[in-house]
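Each chain is listed here by its residues.
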Amino acid sequence: MTERFSGSFTQQEPIPDEAIEAALAVLRHGRLHRYNVAPGELSETALLEQEFAAQMGAKYCLAVSSGGYALATALRAVGVQPGDAVLTNAFTLAPVPGAIASVNARPVFVGVTEGLTIDLDDLEAKLDRAKVLMLSHMRGHLCDMDRLMQMCDAAGVTVIEDCAHTMGAAWRGQLSGRQGAIGCYSCQTYKHVNSGEGGLLVTDDEMLAAKATMLSGSYMLYERHLAAPGPEVFERIKYTTPNVSGRMDNLRAAILRPQLRDLDRQVRRWNERYAEIESGLRGTPGLTIVERPAEESYVGSSIQFLLLEWTPEQIAEVLRRCADRGVELKWFGGAEPTGFTSRYDSWRYAESERMPETDRILRGIIDMRVPLTFSLDDCGLIAGIIRAEVGAVFQQ
Ligand SMILES: *Cc1c(COP(=O)(O)O)cnc(C)c1O
């Protein structure tokens, strides 16, 4: 009898008790709006910002309503205007080009490598086309950040980092989100901390921090922030920065604070699971492992592998066979956008040039979530199933 996996790929761990208690306290006092504080009280949201700034070694932090909102706010704060070009990854998730479109700017897509990072040669060739790069560390893969920052600094290109999958990751010891001008994180259920929806933005630049704070809808109450610049900075921009409401509330902040304190432990647990799956897949004929550079410390909350040069029919067959055995794989490069399809030509509101090398890689990207509710045995079983089914189709 063939073994089947019966777990769920979308089942999260419960919210920790400490976070539930904190949420109940907020519900009991009823002051959910971040600026609704009793005399002398510091809001959960302001405390979350202060703690996350410290955790990331950033001067400033702003909590907002979603990761996508953080990205759009970052674009506005750095001054992207309607019609401007913004460089971004050809392989990323829809909210990234969506954030660019939301400020009526134009994404200019940069190709992907077999390491699933931005193609730095392609970026170099396109650097003169825009003043801003929205760099997506898609699925947690960090490119050579030293080379990228050197190139962008030399060209005067401002880097905004999309760290939706790299909260807790680092490049040569420097935390992800701290190399660019602004780092943006998502606290959505499928990322590294879970408040349902939510986003965080960090920067060391006082002007960007002040603008982002005003943009998020601070109603001139910016003095209630604990990780924002002083009032003198706000004085310079407060009359000219629109309010594009997208604040975080105290309920979400209360849920997030204990989770962030536990992030390092969760990262270790993700990486144990990732290592188990990766080692189970290594050496499967026809399957290419995505090798991780030594400079990168990553968070294995999902795993990717490549079926390069496979036909769409073969890939569909692998997915069908794995699904029959309870293993949910996502074909990120499928031609028709479904669910989480992540390729540049599925966003037809944005013009793009064909990128044949990128297309070749995108067509072969298979993705799998690694929820912490999987045991290490589950991970071994899943890898075995993929190995067997990829092998069976490869031999045909
Ligand atoms: C989830 C995600 C986002 C946006 O986060 P939301 O909180 O869902 O708006 C941005 N980029 C990538 C790569 C993501 O996966």
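Residues numbered from 1 in each chain as written. Predicted model: local features only at pLDDT ≥ 70, side-chain atom pairs only at ≥ 80, totals over all residues. Heavy atoms only, no water.

Glancing now at the UniProt feature "modified residue: N6-(pyridoxal phosphate)lysine" (unreviewed entry) in the protein chain. The feature "modified residue: N6-(pyridoxal phosphate)lysine" (unreviewed entry), as given by UniProt, occupies Lys191 in the numbering adopted here. For lysine 191, the position within the fold is in the loop between β8 (182–186) and β9 (199–203). With near-sequence residues (within four places) excluded, lysine 191 lies in contact with Ala164, His165, Ser186 and Trp270. (UniProt positions renumbered as here; feature names shortened; annotations may be inferred. Helix = DSSP H or I, 4+ residues; strand = E, 2+ residues; numbered from the N terminus. Contact = heavy atoms within 4.5 Å.)

Quick look at the domain arrangement of the protein chain now. Entries for the protein chain in the domain assignment read domain 1 (17–261) and domain 2 (263–394). Placing the centre of domain 1 and that of domain 2 at their C-alpha centroids yields a distance of 27 Å. Between domain 1 and domain 2, the contact holds 38 residues from the first and 34 residues from the second. Both sides together, the interface formed by domain 1 and domain 2 hides about 3,000 Å², and carbon and sulfur atoms give 62% of it. At the boundary of domain 1 and domain 2, one finds three salt bridges. The salt bridge partner of arginine 129 is glutamate 353, with a shortest N-O separation of 2.9 Å. At the surface where domain 1 touches domain 2, the tally comes to 14 residue pairs in polar contact (both at pLDDT 80 or more). Breaking the side of domain 1 that touches domain 2 down by element, the ones donating at least two residues are α4 (95–102), β3 (106–110), α5 (120–126), β6 (170–171) and α9 (250–261). (Domains from an automatic or database assignment. Buried area = accessible area lost by both parts, 1.4 Å probe. Salt bridge = Lys/Arg side-chain N within 4 Å of Asp/Glu carboxyl O. Polar contact = N/O pair within 3.5 Å; in protein donor to acceptor, adjacent residues only side chain to side chain.)

Relative orientation of the contacting elements helix α10 (residues 263–281) and helix α13 (residues 376–395) amounts to 30 degrees, with a least axis distance of 8 Å. By the angle class used here, α10 and α13 are roughly parallel. Crossing angle aside, the handedness with which α10 passes α13 is right-handed. Here Glu272, Arg273, Glu276, Ile277, Gly280 and Leu281 of α10 lie close against α13, whose contacting residues are Leu376, Cys379, Gly380, Ala383, Ile386 and Arg387. (Axes fitted to C-alpha atoms, helices over the stretch in contact; angles between N-to-C directions. Parallel < 35°, antiparallel > 145°, perpendicular 65-115°, else oblique. Left-handed = near helix turned anticlockwise from the far one by under 90°.)

So, about the nonpolar core. By size, the foremost hydrophobic cluster in this structure holds 75 residues, and its most contacted members are Leu123, Leu133, Leu148, Leu200, Val327, Leu329 and Ile386. With seven residues, α13 is the largest single contributor of residues to this core. Looking at this core, you find at least three residues from each of domain 1 (17–261) and domain 2 (263–394). With near-sequence residues (within four places) excluded, isoleucine 386 lies in contact with Leu281, Leu287, Phe305, Cys322, Val327, Leu329, Met368 and Gly391. Leu75, Ala77, Leu208 and Leu215 belong to the second largest nonpolar core, which has 25 residues in total. (Core = buried A, V, L, I, M, F, W, Y, C linked by side-chain atoms within 4.5 Å. Buried < 20%, exposed > 50% of the residue type's maximum accessible area, 1.4 Å probe, protein only.)

Every buried residue of α4 is accounted for by Val96, Pro97, Ala99 and Ile100. Down the axis of α4, the buried side of the element spans an arc of 150 degrees, and every buried residue falls inside it. Just past α4, the residue asparagine 104 takes up positive phi, approximately 55 degrees. (Arc of directions from axis to C-beta.)

Turning our eyes to something else, we now look at the site of the ligand. Surveying the vicinity of the ligand reveals 15 residues, the closest of which are Gly68, His165, Ser186, Gln188 and Lys191. Burial of the ligand by the protein amounts to 93% of the accessible area it has alone, namely 380 Å². Per-class residue counts for the shell around the ligand are five nonpolar, eight polar and two charged. (Near = heavy atom within 4 Å. Areas by Shrake-Rupley, 256 points an atom, 1.4 Å probe, with all protein chains shown as cover. Nonpolar A, V, L, I, M, F, W, Y, C, P; charged D, E, K, R; others polar.)

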